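# Results of the structural survey
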Amino acid sequence: MKPTLAEKIDKISNIFEIPKIASIKVTDGYIQRYYKINQIPYSLFHSKEDLAHLGITRNGVFTKDDLTAQALFVNKYVKRTKASRVLELATGRGADASLLARKNPNTKFYGVDLSEGQLYYAYKKATKVKNYFPSQGTYQDLSTFENNSFDVCFVVEALCYSTDKKTVLSEVYRVLKKGGYFIVVDSYRSDKQLSNTELTASKLTEKGMALDSFEKYSSFIKKAMEARFKMELEEDVSKYVVPNMERLEKVASHLFKHPHMAKPLVKVLPNEFVYNAISGYLMPNLIKDGVAKYYITVLKT
Ligand SMILES: C[S@@+](CC[C@H](N)C(=O)[O-])C[C@H]1O[C@@H](n2cnc3c(N)ncnc32)[C@H](O)[C@@H]1O
């Protein structure tokens, strides 16, 4: 029998100070530090191919190919619009954008990301993929890009970091051409009323991933409509990310099996690294219990 959320919170409290983690103030500086410290852990535990997101597994058995589902989905819209210019918000290590750039040599792919720790890998890719242009910046400010200049904009597992999605949405609306697409693949809180245990688990998962809080999907969509986007397509793919989450949970659970050894260990390791194990441990329960959701959303200008 797999442990319940309450049992997991109990195990976490044997090692960590829950109130201390729940009260972390996540700033851009914290996010940058998190991605610097987790450079090697992400490569080891997540994806050697630099795909810093979950795989979408539609047949129940996770394979590495599932990590390219997001890029292959975006590719359909690059082809449909015969895109000349595409923008990726939070391009991370550049795995998705460079894959797409290779598939579409006549399209220019631009990427912005906040973290130098991530961009280190993206810049390396850009030396080999000549139509991929990553740069440092926040997606809250796209002023370096002109109005109506992109056919497609996309963001994978990163808009959740924004505490001002209204600004991001209006910036994306501005830089997209009329009839352009904004593709968002991300995690959210569900609309259900959460119990105290579920709230604590959500909070710990968020802070462990260096984000302030997951927004409710309904609230995000309301903002998108207020920013004048039209809904083109939405799919709740929550159940398809569970196989990948369960792999990460397996790695993380080693820490919680041996609290006597783990407690002194986590004291000497950086918080931004060890707190990530808490997210890995809790995530499958949050999805299976309907607390968190994972959506593919396509908005149109
Ligand atoms: C989970 S990673 C996803 C990276 C990439 N999209 C991928 O799927 O591989 C989240 C990324 O969001 C970036 N990020 C967070 N806040 C940001 C902001 N305000 N502007 C730009 N990038 C941001 C982080 O630096 C990190 O690279």
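In what follows, the accompanying structure is described. (Residues numbered from 1 in each chain as written. Predicted model: local features only at pLDDT ≥ 70, side-chain atom pairs only at ≥ 80, totals over all residues. Heavy atoms only, no water.)

## Considering the site of the ligand
Contacts to the ligand come from 19 residues, most closely from Ala 52, His 53, Ala 90, Asp 113 and Ser 115. At 2.6 Å, a side-chain N or O of Ser 115 approaches an oxygen atom of the ligand. With respect to the ligand, the side chain of Thr 138 contributes an N or O atom lying 3.0 Å from a nitrogen atom. Each residue belonging to the shell around the ligand can be placed in one class, and the counts come to 9 nonpolar, 6 polar and 4 charged. (Near = heavy atom within 4 Å. Polar contact = N/O pair within 3.5 Å; in protein donor to acceptor, adjacent residues only side chain to side chain. Nonpolar A, V, L, I, M, F, W, Y, C, P; charged D, E, K, R; others polar.)

## Considerations on helix α9 (residues 196–208)
For α9, with 13 residues, the first-to-last C-alpha span of 18 Å sits near the 18 Å given by 1.5 Å per residue. By the burial criterion, the buried members of α9 are Glu 198, Ala 201, Ser 202, Leu 204, Thr 205, Glu 206, Lys 207 and Gly 208. Residues of α9 that are buried sit in contact with α1 (5–13), α2 (18–22), α3 (28–37), β5 (176–189) and α13 (271–288). Immediately beyond the C-terminal end of α9, within one or two residues, lies Ala 210, with a positive phi of roughly 65°. (Helix = DSSP H or I, 4+ residues; strand = E, 2+ residues; numbered from the N terminus. Expected span 1.5 Å × (residues − 1). Buried < 20%, exposed > 50% of the residue type's maximum accessible area, 1.4 Å probe, protein only. Contact = heavy atoms within 4.5 Å.)

## A short note on the packing of aromatic side chains
One pass over the full model with this rule turns up 18 aromatic pairs. When the ring of Tyr 77 is compared with that of Tyr 181, the centres are 4.9 Å apart and the planes differ by 65°; the resulting orientation is edge-to-face. You can see Tyr 77 sitting in helix α5 (residues 69–80) and its partner Tyr 181 sitting in strand β5, a full 104 residues away along the chain. Ring centres 6.1 Å apart and planes at 75° place the aromatic pair Tyr 110 and Phe 145 in the edge-to-face group. Of this pair, Tyr 110 sits in strand β2 (residues 108–113) while Phe 145 sits in the loop between β3 (132–136) and β4 (150–156); the two residues are 35 residues apart in sequence, bridging distant segments of the chain. On the basis of relative accessibility, which here comes to 10%, the residue Phe 145 falls in the buried class. Each member of the aromatic cluster is reached from another via a ring pair, and the members are Phe 16, Phe 256, Tyr 275 and Tyr 281. Cation over ring: Arg 85 sits above Phe 150, and NZ or CZ is 4.5 Å from the ring centre. Over the ring of Tyr 121 we find Arg 93; its NZ or CZ atom is 4.0 Å from the centre of that ring. (Phe/Tyr/Trp six-rings, centres within 6.5 Å; stacked < 30°, edge-to-face > 60°. Lys NZ or Arg CZ within 6 Å of the ring centre and 35° of its normal.)

## Observations concerning the nonpolar core
Ranked by internal contacts, the top residues of the largest apolar core, which has 103 residues, are Phe 16, Leu 89, Tyr 139, Tyr 161 and Phe 182. For this core, the element with the most residues is α13, which contributes 9 residues. When near neighbours in sequence (up to four residues on either side) are disregarded, Tyr 161 contacts Ile 31, Tyr 34, Tyr 35, Tyr 139, Met 209, Ala 210 and Leu 211. (Core = buried A, V, L, I, M, F, W, Y, C linked by side-chain atoms within 4.5 Å.)

## Looking at the side chain of Thr 301
Note on placement: Thr 301 falls in the segment after β7 (292–300). In terms of polar contacts, Thr 301 uses its side chain to reach the backbone carbonyl oxygen of Lys 177, at 2.9 Å. Leaving out residues up to four positions away in the same chain, Thr 301 has contacts with Tyr 173, Leu 176, Lys 177, Lys 178, Gly 179, Gly 180, Phe 229 and Lys 230.

## Observations concerning the packing of α3 against helix α4 (residues 39–46)
For the pair α3 and α4, the least separation of the axes is 4 Å and the interaxial angle reads 60°. Between α3 and α4, the interaxial angle falls into the category oblique. When α3 is examined against α4, the residues Tyr 34, Tyr 35, Lys 36 and Ile 37 are found in contact with a partner set consisting of Gln 39, Pro 41 and Tyr 42. Considered class by class, the residues forming the contact of α3 with α4 number 5 nonpolar, 1 polar and 1 charged. (Axes fitted to C-alpha atoms, helices over the stretch in contact; angles between N-to-C directions. Parallel < 35°, antiparallel > 145°, perpendicular 65-115°, else oblique.)

## Considerations on the pairing of β7
With 7 of its 9 residues buried, β7 lies for the most part within the structure. Judged from the 9 bridges that link them, β5 and β7 form a sheet pairing that is antiparallel. Across the sheet, Ser 187 pairs through a bridge with Tyr 294, a residue of β7. Judged from the 6 bridges that link them, strand β6 (residues 230–236) and β7 form a sheet pairing that is antiparallel. Residue Asp 236 lies in a different strand from β7, and its bridge partner there is Tyr 295. (Pairing = 2+ DSSP bridges.)

## So, the sheet that holds β6
Strand order in the open sheet formed by 7 strands is β3-β2-β1-β4-β5-β7-β6, with mixed pairing between adjacent strands. Of all the strands in the sheet, just β3 and β6 have a single pairing partner and so form its edges. For this sheet the average axis-to-axis angle between neighbouring strands, irrespective of direction, equals 15°. One ladder, built from 5 bridges, connects β2 with β3; its direction is parallel. Considered in β3, the bridge of Gly 111 is made with Pro 134. The strands touched by helix α6 (residues 95–103) within the sheet are β1 (85–89), β2, β3 and β4, with β4 carrying the most contacts at an inclination of about 145°.

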